[in-house]
Amino acid sequence: MREVFRVKMVKISTSTVWIMMLWWSWTAMAEYMKYKDPKLPVEVRIQDLMSRMTLEEKIGQMVQIDRTVATAQIMRDYSIGSVLSGGGSTPLLQASVADWVNMVNEFQKGSLSSRLGIPMIYGIDAVHGHNNVYKATIFPHNIGLGASRDPELLKRIGAATAIEVRATGIPYVFAPCIAVCRDPRWGRCYESYSEDPKIVREMTDIIIGLQGKIPNASLKGVPYVAGNNKVAACAKHFVGDGGTTRGINENNTLIDTHGLMSIHMPAYNDSIIKGVSTIMVSYSSLNGEKMHANRNLITGFLKDTLKFKGFVISDWEGIDRITSPPKSNYTYSVQASILAGIDMVMLPFNHTEFIDDLTYLVKNRIIPMDRINDAVERILLVKFNMGLFETPLADLSLADEVGSQEHRNLGREAVRKSLVLLKNGKNEDPLLPLPKNASKILVAGSHADNLGYQCGGWTITWQGFSGNNYTSGTTILNAITSTVSKSTEVVFREDPDTDYVKSSSFNYAIVVVGERPYTESAGDSPTLTMEDPGSSVINNVCGAVKCVVVVISGRPIVIEPYISSIDALVAAWLPGTEGQGVTDVLFGDYGFTGKLSRTWFKTVDQLPMNIGDPHYDPLFPFGFGLTTKSVVGRSISAGVDGRPYIIFIMVSVFISLYFTGIFLT
């Protein structure tokens, strides 16, 4: 009896084991999801994930919301595809790197806890460095970088920006702006590298710095990001944003097909060839048609002809502005924009309204499911290609990169290469380079000691700031003080009167004037005049002592009335935080090399006026820029007057003479 029982028990145990093994095998198979396997081709992973997604989850991926309305629960419940920081949208005032990383990770954890665990992608405007972040390196705005004519410099700036952005946990930047600004009255002209499409095309090399160099075997149009020290880039604003009538922001660009394809379109083709991950659509209209609803150009040309495989994103509330007034027929705006080919919508606030409307349009077959699938596949392709599924969470390993000395040195180099010398002396008597050992000098003007003015818009806040308390850097005044001899008396007066200047025995004066910070429509200007009291400062100072005027502006401004009284004139654009780049060339440690990337007009009545126009009669033509040579014996280090180099030079001369004498005898 015991033997029979033992046999039955063995049979039961064996059967149980087989059942358990089958159950474990089935469970393992059920848990294996191809989209989570990094060994599989990206195309296989995308198709596997797409097959598992509901309509609601797909639409959620097409949504981008601002951090101010995002929560971990919203990210999880709606499968939100992306979060952004709008201009000046930060976790805290003067937020640390840890504050940024913790915020981004909190949103990401919400996404990872959703049914399918699809990571979100966080985006930010990093248009001249990581410009929303306290103590980050702020590089010159694009108009200055265009004057450098140095694509290799742009690659290095892109790489530095990418690593500072990644340090804060963010993998996606809304840069570069590849607009071709054809009218300086436009408030975004400083975001454009040049009026010349050839220069803009060259400067798209910044994409290589941001994303990494695309492998030779890659197909055209496939987005590429080379690891966790790089970011997904965004070429913007498609297309014709820099050609609007009278330079009015978000206005209408009137242009024929040849003009569009030869001026505004070429840089997009270059960006796509370089693997740009995303492209942002312009607020503006093209020949009366809103770009956010332009299917022929977004789908027909960008996707079908140029073979762009990344995702197309709207601008902030861009689809709302399809109608006039904005959002007067929101369901139509959703329909028109998605059918036009926009894949991700920067809402950025009311996600439920957009989701409900788009769901209704799909379920009622007004928008085909194929269009939704195309959008989501493109979004997932970017996320998979940049490794977001494998490394969704950030850490603090790159924290020291933000505002590092290496990056500040690069910013300083960029400043000195971007400066354009427009005038140097009267009657063939050059004023520059300035001597460092003068006994007494005057520094004047509202922009000499104002880091906010120096950086311009898109810095810390959307519209920029005034003063020296919102981030760290070196003002031009501080750079001057640390560059001249310790025995030189530096006097700063923001708005001195003529009598004071005449009676103070200054050797020379440096006047720093220009525009206040602005962004987008707030910068549109029909007059292009400098900020008061800039003109009176020039008249009061330059009429009494030799002066160099440094113009801080996002574009050419009215300067012709003052030219005759100015000894030397420098276009410094919006140089950013590294003011010592200005003094590097003013005092001759380096020579001036920059060339105008846009035409400098005589009067605003001439505008628009670009190189090649039949009525071309500029004050300073496109490509103009005087050069100087560095002064032998001047130290690159701030505050050193160069005298130790004299000994070095004398020793070199004696050695040279000695060996020359040997060979002659």
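Residues numbered from 1 in each chain as written. Predicted model: local features only at pLDDT ≥ 70, side-chain atom pairs only at ≥ 80, totals over all residues. Heavy atoms only, no water.

### A look at the overall build of the protein
Logical step 1: For the protein, the helix and strand inventory stands at 22 helices and 17 strands.
Logical step 2: When the backbone C-alpha atoms are referred to their principal axes, the protein occupies close to 120 × 65 × 50 Å.
Logical step 3: Evaluated residue by residue, the protein yields a buried proportion of 60% over its 665 residues.
Logical step 4: Counting only contacts in the protein whose residues sit at least 6 apart along the sequence, the fraction spanning at least 24 positions is 76%.
Logical step 5: Only carbon and sulfur atoms are counted for the fraction: they give 55% of the accessible area of the protein, which is about 26600 Å².
Logical step 6: Of the charged side chains in the protein, 62 are positive and 65 negative; the average position of the first set lies 6 Å away from that of the second. (Helix = DSSP H or I, 4+ residues; strand = E, 2+ residues; numbered from the N terminus. Buried < 20%, exposed > 50% of the residue type's maximum accessible area, 1.4 Å probe, protein only. Contact = heavy atoms within 4.5 Å. Areas by Shrake-Rupley, 256 points an atom, 1.4 Å probe, with all protein chains shown as cover. Lys, Arg positive; Asp, Glu negative; His and termini not counted. Charge placed at Lys NZ, Arg CZ, Asp CG, Glu CD.)

### Some thoughts on the sheet that holds strand β10 (residues 311-313)
Logical step 1: Taken together, three strands build an open sheet; the order of strands is β5-β7-β10 and the sheet is parallel. Each edge of the sheet is formed by a strand with only one pairing partner; in this case those strands are β5 (234-238) and β10. Direction aside, the axes of adjacent strands within the sheet are offset by 25° on average.
Logical step 2: Two strands pair when backbone bridges link them, and strand β7 (residues 278-281) and β10 are joined in this way by three bridges, in the parallel orientation. Each bridged residue has a counterpart across the sheet, and for Thr-278 the counterpart in β10 is Phe-311.
Logical step 3: With respect to the sheet, helix α11 (residues 266-273) is in contact with β5 and β7, its orientation differing from that of β5 by roughly 160°. (Pairing = 2+ DSSP bridges. Axes fitted to C-alpha atoms, helices over the stretch in contact; angles between N-to-C directions.)

### Looking at the side chain of Thr-599
Logical step 1: Relative to the helices and strands, Thr-599 resides in the loop between α21 (580-586) and α22 (643-664).
Logical step 2: In terms of polar contacts, Thr-599 uses its side chain to reach the side chain of Tyr-616, at 2.7 Å.
Logical step 3: Apart from residues lying up to four places away in sequence, Thr-599 is in contact with Glu-195, Pro-556, Met-609, Asn-610, Ile-611, Tyr-616, Pro-618, Phe-620 and Phe-622. (Polar contact = N/O pair within 3.5 Å; in protein donor to acceptor, adjacent residues only side chain to side chain.)

### Describing the UniProt feature "domain: Glycoside hydrolase family 3 N-terminal" (unreviewed entry) in the protein
Logical step 1: The sites that UniProt annotates as "domain: Glycoside hydrolase family 3 N-terminal" (unreviewed entry) are residues 54-380.
Logical step 2: When the span residues 54-380 is considered, its composition is 40% helix and 10% strand, and the gap between its end C-alpha atoms is 15 Å. (UniProt positions renumbered as here; feature names shortened; annotations may be inferred.)

### A few points about unusual backbone geometry
Logical step 1: Omega for the bond connecting Phe-238 with Val-239 falls within 30 degrees of zero, at -10°, which places this linkage in the cis form.
Logical step 2: On the secondary structure map, Val-239 appears in the loop between β5 and β6 (252-253).
Logical step 3: Of the consecutive residues Asp-532 and Pro-533, the connecting peptide bond is found in the cis state with omega at 5°.
Logical step 4: Turning to its location among the elements, Pro-533 is positioned in the loop between β15 (508-514) and α20 (534-542).
Logical step 5: A positive phi is found at Arg-149, a non-glycine position, where the angle reads about 55°.
Logical step 6: Mapped onto the fold, Arg-149 is located in the loop between α6 (142-148) and α7 (151-167).
Logical step 7: Since its relative accessible area comes to 26%, Arg-149 is described here as partly exposed.
Logical step 8: Positive phi is not limited to glycine here, since Lys-327 has a value of about 65°.
Logical step 9: Among the secondary structure elements, Lys-327 is positioned in the loop between β10 and α13 (330-340).
Logical step 10: Judged by its relative accessible area of 35%, Lys-327 is partly exposed.

### Some details on empty space enclosed by the protein
Logical step 1: This structure, assessed with the given rule, holds three cavities of 30 Å³ or more.
Logical step 2: Of the voids in this model, the largest cavity is the one considered here, and its volume is about 100 Å³.
Logical step 3: For the largest cavity, the lining is made up of 16 residues, of which Ala-126, Val-127, His-128, Gly-129 and Ile-206 are closest to its centre.
Logical step 4: Put simply, the parts of the chain that give the lining of the largest cavity at least two residues each are α6, α7 and α9 (206-211).
Logical step 5: Per element, the largest residue contribution to the lining of the largest cavity is three residues, and it comes from α7. (1 Å grid on protein atoms, 1.4 Å probe; cavity = no way out; pocket = protein on both sides within 12 Å on 5 of 7 lines; lining within 4 Å. Points joined across faces, edges and corners; volume = space filled by probe spheres on them.)

### Observations concerning the domain arrangement of the protein
Logical step 1: Once the domains are mapped, the protein shows domain 1 (34-401) and domain 2 (419-620).
Logical step 2: Here domain 1 and domain 2 have C-alpha centroids that lie 35 Å from each other.
Logical step 3: Counting from both sides, the interface comprises 41 residues of domain 1 and, opposite them, 42 residues of domain 2.
Logical step 4: Carbon and sulfur atoms make up 50% of the surface buried where domain 1 meets domain 2, a total of about 3200 Å² over both sides.
Logical step 5: On inspection of domain 1 and its partner domain 2, the count reaches two salt bridges.
Logical step 6: With its nearest N and O atoms 3.9 Å apart, the salt bridge here joins Arg-598 to Glu-195.
Logical step 7: Partitioned by chemical class, the residues of the side of domain 1 that touches domain 2 number 17 nonpolar, 14 polar and ten charged. (Domains from an automatic or database assignment. Buried area = accessible area lost by both parts, 1.4 Å probe. Salt bridge = Lys/Arg side-chain N within 4 Å of Asp/Glu carboxyl O. Nonpolar A, V, L, I, M, F, W, Y, C, P; charged D, E, K, R; others polar.)

### A word on the packing of α13 against helix α14 (residues 351-363)
Logical step 1: Between α13 and α14, the shortest axis-to-axis distance is 10 Å and the interhelical angle comes to 65°. By the angle between their directions, the pair α13 and α14 is classed as roughly perpendicular. For α13 against α14, the interelement crossing comes out right-handed. Taken together, the residues of α14 that come into contact with α13 (itself represented by Tyr-330, Thr-331, Val-334, Gln-335 and Ile-338) are Glu-353, Phe-354, Asp-357, Leu-358 and Leu-361. (Parallel < 35°, antiparallel > 145°, perpendicular 65-115°, else oblique. Left-handed = near helix turned anticlockwise from the far one by under 90°.)

### Notes on the layout of surface pockets
Logical step 1: Taken as a whole, the largest pocket spans an internal volume of roughly 330 Å³.
Logical step 2: Around the largest pocket sit 15 residues that line it, and Glu-43, Ile-46, Val-222, Lys-309 and Leu-381 are the ones nearest its centre.
Logical step 3: Those elements that place two or more of their residues in the lining of the largest pocket are α2 (42-52) and α15 (369-385).
Logical step 4: Considering each element in turn, the lining of the largest pocket owes the most residues, five residues, to α15.

### Some points on the packing of aromatic side chains
Logical step 1: For the coordinates displayed, the defined rule picks out eleven aromatic pairs.
Logical step 2: When the ring of Trp-573 is compared with that of Trp-600, the centres are 6.0 Å apart and the planes differ by 40°; the resulting orientation is tilted. On the criterion of sequence distance, the pair formed by Trp-573 in strand β17 (residues 568-573) and Trp-600 in the loop between α21 and α22 is long-range, its members being 27 residues apart. Here Trp-573 matches Trp-600 in class, with each residue buried.
Logical step 3: Positioned above the aromatic ring of Trp-458 is the side chain of Lys-236, whose terminal nitrogen or guanidinium carbon lies 6.0 Å from the ring centre.
Logical step 4: Across the ring face of Phe-506, the terminal group of Lys-440 is positioned such that the distance to the ring centre comes to 5.1 Å. (Phe/Tyr/Trp six-rings, centres within 6.5 Å; stacked < 30°, edge-to-face > 60°. Lys NZ or Arg CZ within 6 Å of the ring centre and 35° of its normal.)

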